[in-house]
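# Reading the structure
This is what each chain is made of:
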Amino acid sequence: MLDSYFVAPKTLRRLRSGTFGPYLDRFAEELKRRGYSHWTAVKYLRSAAHLGRFVELRAIALEAVSEGTLDTYRQHLLRCRCPRPFSEKVNPHAFCGARLLVDHLREAGVVADLIAKQAEANPPLIDSFGQWLQQHRGVSAHTRRQHCRRAADFLRCLGDDPSRYDAQGIREFFVMRHRTSSQRSAQALAASLRAFLRFLIVQGLCRTGLDQAVPALARWRLASLPQGLSASEVAQLLAACNGGSVARIRDRAIILLLVRLGLRAGDVAELSLTDIDWKDSSLVVSGKSRREVRLPLPQEVGDALLTYLECRPAANTDRVFLRVIAPIRPFRRGDAVSSVVKSAMRRADVTAPVTGAHVLRHTAAREMLRQGVSLYEIGSLLRHRSIETTAYYYAKVDRDLLESVAQPWPEMLR
């Protein structure tokens, strides 16, 4: 497979005789399968050969290559004085090729598992907490990682003996972290701490009621209106996705799913081919807490999905939306979908107080409200757990209704 990227016999002999020589042909095949361009693959293969030279000069056994080896290699690149066939400029390709090679060798069982370092960082109590969140709370994988990360920080500060926790220590930890974080981050930390303390209480590891020691942050209800885009701005956004490239066709399908059905970014990222029922013109969405809901598929959205699927890159996955640059793989989480929306808004020159995928969810709800759709129907489409949630966000947007029920301001009595 190396012959597809290098022609000179001398170069081929040098590559195949190095430390990683027996594995470079398969590595080159893997790079091609993942969709890397010819010249990117060439840079990564040269970086792999450079790493082989580095390992050889330091007499590191092949099976002993680890995360520490890569860290040392990264430092080596900053002051590299290797001969010309191996030397390269310090750029993202210089280290990325080495990282991909080691990951490839790890998957093949040639080198030690690099995830061992990450696994050691999580105490058993945190792993149990993550399992409890998944089994009893039904949280997503991303939310579970965030809760476990904050709980691990809490455990390092207050110790690994929950029976010694008290309200004062919990409050001091929270105040210390809140000083250097935003309001939203502090609210997320409070939610994680309460969840972790409730887990400890259920397991009988700490005193009952300690979850109430986490301070409650002020959050004024109905203090602001949900931010959305106007109809003309939505048209601009869709026009910015016109074009024959795979990226533009994909972006148009994503934006239509968000603005017509009010999906969350995570819903779009996790959408699979089997979730779409073309005969019934519907799709199944697995949202928060693993709740599955069947939603109607409008003609405009279905046409955009079909157009994208006709040019979708080949990949061994049933996820609908994929990256368009190598490595060709599904979106890992909703952040990638929000990045698609932000890029489209920049191209369309659309400015909004809030950017990302969620602004289109608010746009969909506000548009339905303007068309006379009831709050109950809006809540059903948005998959809110209760009508109170829908009313909390969107009842205040219907100004005509508010004017009809508003009472006149009483005159001041003299």
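Residues numbered from 1 in each chain as written. Predicted model: local features only at pLDDT ≥ 70, side-chain atom pairs only at ≥ 80, totals over all residues. Heavy atoms only, no water.

Counted residue by residue, strand β2 (residues 282-286) has four buried out of five residues, so it is predominantly covered. Strand direction decides the pairing type here: strand β1 (residues 276-277) and β2, joined by two bridges, are antiparallel. In the strand pairing of β2, I276 is matched with L283. Joining the antiparallel neighbours β1 and β2 is a turn of four residues, in which S281 adopts a positive phi near 55°. (Buried < 20%, exposed > 50% of the residue type's maximum accessible area, 1.4 Å probe, protein only. Helix = DSSP H or I, 4+ residues; strand = E, 2+ residues; numbered from the N terminus. Pairing = 2+ DSSP bridges.)

Attention now moves to the packing of helix α7 (residues 124-137) against helix α8 (residues 141-158). With their axes 10 Å apart at the nearest point, α7 and α8 run at an angle of 145° to one another. Between α7 and α8 lies a crossing whose hand is right-handed. Contacts between α7 and α8 involve L125, I126, F129, G130, L133 and Q134 from the first element and R144, H147, C148, A151, A152 and L155 from the second. Taken together, the residues of the contact of α7 with α8 break down into eight nonpolar, three polar and one charged. (Axes fitted to C-alpha atoms, helices over the stretch in contact; angles between N-to-C directions. Left-handed = near helix turned anticlockwise from the far one by under 90°. Contact = heavy atoms within 4.5 Å. Nonpolar A, V, L, I, M, F, W, Y, C, P; charged D, E, K, R; others polar.)

Inspection of every chain in the model, using the stated rule, returns 11 salt bridges. The partner of R177 in a salt bridge is D153, with the nearest N and O atoms 2.7 Å apart. You can see R177 sitting in helix α9 (residues 167-178) and its partner D153 sitting in helix α8, a full 24 residues away along the chain. When its relative accessible area of 25% is taken as the criterion, R177 is described as partly exposed. The class of D153 is buried, set by a relative accessible area of 18%. Ionic pairing is found between R250 and D251, a salt bridge with its closest N-O pair at 2.9 Å. When salt bridges that share partners are traced, they join E30, R33 and R34 into one network. (Salt bridge = Lys/Arg side-chain N within 4 Å of Asp/Glu carboxyl O.)

Close contact between α8 and α9 brings their axes to 11 Å; oriented N to C, the two are set at 120°. Taken together, α8 and α9 sit at an angle that is classed as oblique. Seen from above, α8 lies across α9 with right-handed handedness. Counting all contacts with α8, which are made through D153, F154, C157 and L158, the residues of α9 involved are G169, I170, F173, M176 and R177. Here the contact of α8 with α9 is composed, by residue class, of six nonpolar, one polar and two charged. (Parallel < 35°, antiparallel > 145°, perpendicular 65-115°, else oblique.)

Bringing the confidence of the model for the chain into the picture now. Looking at the chain, the pLDDT average stands at 81 and 85% of residues meet or exceed 70. Confidence drops under pLDDT 50 across residues 114-120; counting only partners more than four residues distant or on other chains, this segment forms 10 contacts. (pLDDT = per-residue confidence, 0-100.)

Counting residues in hydrophobic clusters, the biggest one holds 51 residues, and the most contacted among them are L229, L257, L258, L305, F321, V337 and L360. Residue assignment for this core shows that the elements contributing at least two residues are α11 (231-239), α12 (246-261), α13 (265-269), β2, α14 (299-311), α15 (334-348), α16 (358-370) and α17 (375-382). It is α12 that provides the largest number of residues to this core, a total of nine residues. Residue contacts for L257: discarding those within four places in its chain leaves G262, L263, V268, L271, L283, V301, L305 and F321. Listed in part, the 35 residues of the second largest apolar core include F27, L31, Y44 and L101. (Core = buried A, V, L, I, M, F, W, Y, C linked by side-chain atoms within 4.5 Å.)

Let's shift gears to the side chain of S272. Residue placement: S272 occurs in the loop between α13 and β1. Reaching out from S272, the side chain makes a polar contact with the side chain of T274 at a distance of 3.2 Å. (Polar contact = N/O pair within 3.5 Å; in protein donor to acceptor, adjacent residues only side chain to side chain.)

This next bit is on α15. For α15, which comprises 15 residues, the first-to-last C-alpha distance of 21 Å matches the rise-based estimate of 21 Å (1.5 Å per residue) to within 8%. Of all the residues in α15, the buried ones are G334, V337, S338, V340, V341, A344, M345 and A348. Angular distribution of buried residues about the axis of α15 spans 150°; they occupy a single face of the element. Contact partners of the buried residues in α15: α11, α12, α13 and α16. At the exit of α15 stands D349, carrying a positive phi of roughly 60°. (Expected span 1.5 Å × (residues − 1). Arc of directions from axis to C-beta.)

Mapped onto the secondary structure, R361 falls in helix α16. Buried within the structure, R361 lacks any salt-bridge partner; D267 is the closest side chain of opposite charge, at an N-O distance of 5.1 Å. At a separation of 2.5 Å, a polar atom in the side chain of R361 contacts the main-chain carbonyl oxygen of G262. (Lys, Arg positive; Asp, Glu negative; His and termini not counted.)

This paragraph deals with the sheet that holds β1. Across the sheet, which stays open at both edges, the three strands sit in the order β1-β2-β3 with antiparallel pairing between neighbours. Lying at the two open borders of the sheet, with one neighbouring strand each, are β1 and β3 (292-296). In the sheet, β2 pairs with β3 via five bridges, with the strands oriented antiparallel. Of the residues in β3, the one forming a bridge with S286 is E292.

Further remarks concern helix α10 (residues 183-202). Between its terminal C-alpha atoms α10 stretches 29 Å, which fits the 28 Å expected from 20 residues at 1.5 Å a residue. If you check which residues of α10 are buried, you get A186, L189, A190, S192, L193, A195, F196, L197, F199 and L200. Check the buried side of α10 and you find it contacts α7, α8 and α9. The first or second residue beyond α10 is G204, which carries a positive phi of 75°.

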